[in-house]
2 protein chains.
Amino acid sequence: MQQHLPTIVDIAQQLGISKSTVSRALTGHPNVNSKTRQRVLDLAEQLDYQRNQLAISLLTSQTRTIGIIVPEFLSFFFPKVIIGAQEVLAEAGYNVVICHSNESYETEVTNARALMASRVDGLLVSHTKDTRNFDHFRIFQRKGIPVVFFNRVCEDMSVSKVTVDDYEGAFRAVEHLIQTGRRRIAHLAGPDSLPNSRHRLNGYRDALRHYQIPEEAELVISYDLTLEKANIYVNHLLNLPQPPDALFAVNDPTAIEALKVIKGRGLRIPDDIAIVGFSNDPASALVEPGLTTVAQPVSEIGQQSARLLLRQLAAEAAAEPETVILPTELIVRSSTVG
Amino acid sequence: MQQHLPTIVDIAQQLGISKSTVSRALTGHPNVNSKTRQRVLDLAEQLDYQRNQLAISLLTSQTRTIGIIVPEFLSFFFPKVIIGAQEVLAEAGYNVVICHSNESYETEVTNARALMASRVDGLLVSHTKDTRNFDHFRIFQRKGIPVVFFNRVCEDMSVSKVTVDDYEGAFRAVEHLIQTGRRRIAHLAGPDSLPNSRHRLNGYRDALRHYQIPEEAELVISYDLTLEKANIYVNHLLNLPQPPDALFAVNDPTAIEALKVIKGRGLRIPDDIAIVGFSNDPASALVEPGLTTVAQPVSEIGQQSARLLLRQLAAEAAAEPETVILPTELIVRSSTVG
DNA sequence: CTGTTAGCGCGTTCAG
DNA sequence: CTGAACGCGCTAACAG
């Protein structure tokens, strides 16, 4: 049973002064007798008084709270982005509310509604892989509440965005495979619905083209990023009459699953088949052989997103949306070079 | 620039009715003409109306929001606990706000204050390793806002708690080492301030005692859980005149760091030295050799914590605190048995 | 320096 | 079935 929490009126009554004076004392307003202020402060402390942020937000119609919606947070990626964003936001005096859509479009819509209902001042979003309709985010935009997309961005919305150069990262990864002598390079791609997947696929294709290696349709498989499927497709690739001599995976979990399957079949890595992942998940340094991968500046994604949001928040009128594309870096480990 | 968000008054004026009627229509009150209700609902949809949760919370003095404070969320553990808790809480109609103290006592206090200011209905907490003073949580308790501790629990507070049987888990782990022939078993323990660490240490000690193996003081090192220190201490242990033939680590990151150091020195695992971790981090299955570890029912910790909190919330008067101790399970992998 | 008043958006009496 | 009035806790504008 929750008891009555003390309010400024309680303090005012006990001290025999008006609630305005209490309010002023508490907020550090200059025009208060220093003795009165001290009495207020002392009593507040004694009563464990905490200002009711709800009432203040209702009054000022700003909550100084930013909502973050992410599709998952079991892998290291999103937690690390969130921490990066939180650093910047906390410094600017904003709180952070994290919502987890669990890759479910319906949950994402529910999350967005809840954040709207609780009147967040801004939104940081990486959408689910099934999100095709972005109306639940457009509503924020229409109300003048800034939205910044990161990692998984909506290409149709005119808002600020932070991504990495997926195309370039993929190009360099495949180039590395080619330069280390690989010719039949498979690509386990992500779902078409995600721009990231498409950009990585394009990087893969252009690298092959650039080095005049014909693309084999049978070596490219798009899938939904569930590990069970990854398992099936890797086995499928290995069973081909002409199996690949390298695999470029859309992300590290996929690459690590592939690594397990390949080792399980007694093939040697990288001798028989080389593997490259994407993101530089801490696990990629742990597996054996170490996984070559395309590193993303994860914390920086969060920090930059927060900064773009802050800039929108500071702008009087609707500010021009900005797009930041962060560089990637190829981390070469033993899964590609003996 | 944030625009004016539509309120029930806006809807009422456009429809030429009173805001009470709009309120009733929106909340599904029975006594509303169905035609009027439909007109309200239509206009609300058209205006993207979202009820202002702030105002409602201020009025009802309940936010239907639960705060969760965790010390970190880069390892898999806390995210998974949070997801478990969220499932249960969402089903009961509660939202979740996650705060990340980053193992900083000051941040934890700030988080607690912010959650109090935003009037959460309840609190789920795992405190930092430096938290000695729990006054910032006692305030909630005193106000009748239920608090549930999980994983890292405050032994001095009379609130509901969810932990695993650390003692038993540690005992079984060390017993396993003894039964596979180890005699000089080192223990890299966590800080004394954490009950978990102490219980695991006790389990270690009692297992040795039970099998009449004398405890060597030089083989037990408590540390602050930073990986750099782990590295130093593992090297120190290996440099002893009589190095250990087994290592029981307080958690999996520590064990994995140890594994790297040991392999780096050209020692064989488990032949020269066996390793056991704690928690069954996904990474423990990835490293080579696979890490033997004590698994915790992670999602269940979250679910149970949420259920205990819900029970407190439902209780009219202050409900009796409950303590749930979940079982662990030893997962044997190649780091202990060839 | 301090008190009074108004109102943020809403649900809920209490009258019609 | 509907409307008017009140108050949740707080800050800001206005008067002393």
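Residues numbered from 1 in each chain as written. Chains lettered and ligands numbered in written order. Predicted model: local features only at pLDDT ≥ 70, side-chain atom pairs only at ≥ 80, totals over all residues. Heavy atoms only, no water.

Caption draft 1: Summary view of the pairing of strand S10 (residues 292-295) of chain A. Residue and element names in this part refer to chain A. Neither face of S10 is left uncovered, since the one carrying Thr-292 and Val-294 and the one carrying Thr-293 and Ala-295 both have all their residues buried. As defined by bridge partners, strand S9 (residues 274-279) adjoins S10 across 4 bridges and the pair is classed as parallel. Residue pairing in the sheet places Gly-277 in a bridge with Thr-293 of S10. Relative to strand S12 (residues 329-331), S10 runs antiparallel, the two being bridged by 3 bridges. What sits directly across from Ala-295, in S12, is Glu-329. (Buried < 20%, exposed > 50% of the residue type's maximum accessible area, 1.4 Å probe, protein only. Helix = DSSP H or I, 4+ residues; strand = E, 2+ residues; numbered from the N terminus. Pairing = 2+ DSSP bridges.)

Caption draft 2: How the structure looks around the interface of chain B and chain A. At the interface, 51 residues of chain B touch 51 residues of chain A. Roughly 4800 Å² is buried in total at the junction of chain B and chain A, and carbon and sulfur atoms are behind 58% of that figure. At the junction of chain B with chain A, the criterion picks out 4 salt bridges. Linking chain B to chain A there are 10 residue pairs in polar contact (both at pLDDT 80 or more). Contributing elements (two or more residues each) for the side of chain B that touches chain A: helix H4 (53-60), helix H5 (77-91), strand S2 (95-100), helix H6 (105-117), helix H7 (135-142), helix H11 (252-264) and helix H12 (282-286) of chain B. Classifying every residue of the side of chain B that touches chain A gives 27 nonpolar, 13 polar and 11 charged. (Contact = heavy atoms within 4.5 Å. Buried area = accessible area lost by both parts, 1.4 Å probe. Salt bridge = Lys/Arg side-chain N within 4 Å of Asp/Glu carboxyl O. Polar contact = N/O pair within 3.5 Å; in protein donor to acceptor, adjacent residues only side chain to side chain. Nonpolar A, V, L, I, M, F, W, Y, C, P; charged D, E, K, R; others polar.)

Caption draft 3: Main features of the state of the cysteines. Applying the stated criterion to the full structure yields 0 disulfides over all chains. We note that Cys99(A) lacks a disulfide partner, and the nearest cysteine sulfur, in Cys99(B), lies 12 Å from it. Take Cys99(B): its relative accessible area is 10%, and that puts it in the buried class. (Disulfide = S-S within 2.5 Å.)

Caption draft 4: Region of interest: the protein's contact with DNA strand C. Close contacts around DNA strand C come from 25 residues, with Ser20(A), Leu59(A), Ile8(B), Lys19(B) and Tyr49(B) the closest. A breakdown of the atoms of DNA strand C within 4 Å of the protein gives sugar and phosphate a share of 52%. Side-chain polar atom of Ser23(B) to a phosphate oxygen of DNA strand C: 2.8 Å apart, as the coordinates give it. Here Arg51(B) contributes a side-chain N or O atom positioned 2.8 Å from a phosphate oxygen of DNA strand C. Those elements giving two or more residues to the surface near DNA strand C turn out to be helix H2 (19-27) and helix H4 (53-60) of chain A together with helix H2 (19-27) and H4 of chain B. (Near = heavy atom within 4 Å.)

Caption draft 5: Quick peek at the pairing of strand S3 (residues 122-125) of chain A. All names here are of chain A. What you see with S3 is no split at all: Gly-122 and Leu-124 on one side and Leu-123 and Val-125 on the other are buried throughout. Relative to S3, strand S1 (residues 65-70) is paired through 4 bridges, and the arrangement is parallel. In the strand pairing of S3, Ile-69 is matched with Val-125. As defined by bridge partners, S3 adjoins strand S4 (residues 147-150) across 3 bridges and the pair is classed as parallel. Each residue of the ladder has a partner; that of Leu-123, found in S4, is Val-147. Read from S3 through helix H7 (residues 135-142) to S4, the crossover connection turns out right-handed. (Right-handed = clockwise from strand over helix to strand, strands pointing away.)

Caption draft 6: Representation of the domain arrangement of chain A within the structure. Residue and element names in this part refer to chain A. What the domain assignment lists for chain A is domain 1 (8-51), domain 2 (62-162 + 298-325) and domain 3 (166-296). Here the C-alpha centre of domain 3 lies 30 Å away from the C-alpha centre of domain 2. Summed over both partners, the interface of domain 2 with domain 3 buries about 1000 Å², with 56% contributed by carbon and sulfur atoms. Its largest share of buried area at the contact with domain 3, domain 2 owes to Phe-76, Lys-129 and Glu-155, together 49% of the area lost on that side. In this structure, the connection of domain 2 to domain 3 is made through 1 salt bridge. Here Glu-155 ties to Arg-198 by a salt bridge, and the two come within 2.8 Å at their closest N and O atoms. On inspection of domain 2 and its partner domain 3, the count reaches 4 residue pairs in polar contact (both at pLDDT 80 or more). (Domains from an automatic or database assignment.)

Caption draft 7: Molecular detail of the sheet that holds strand S11 (residues 323-326) of chain B. Residue and element names in this part refer to chain B. In spatial order, the strands read S2-S1-S3-S4-S5-S11; together these 6 strands make up an open sheet with parallel pairing. This sheet does not close on itself; its edge strands, each paired only once, are S2 and S11. Pairs of neighbouring strands in the sheet enclose a mean axial angle of 15°, with direction left out of account. In terms of strand pairing, strand S5 (residues 160-164) meets S11 through 4 bridges, oriented parallel. Across the sheet, Val-164 pairs through a bridge with Leu-326, a residue of S11. (Axes fitted to C-alpha atoms, helices over the stretch in contact; angles between N-to-C directions.)

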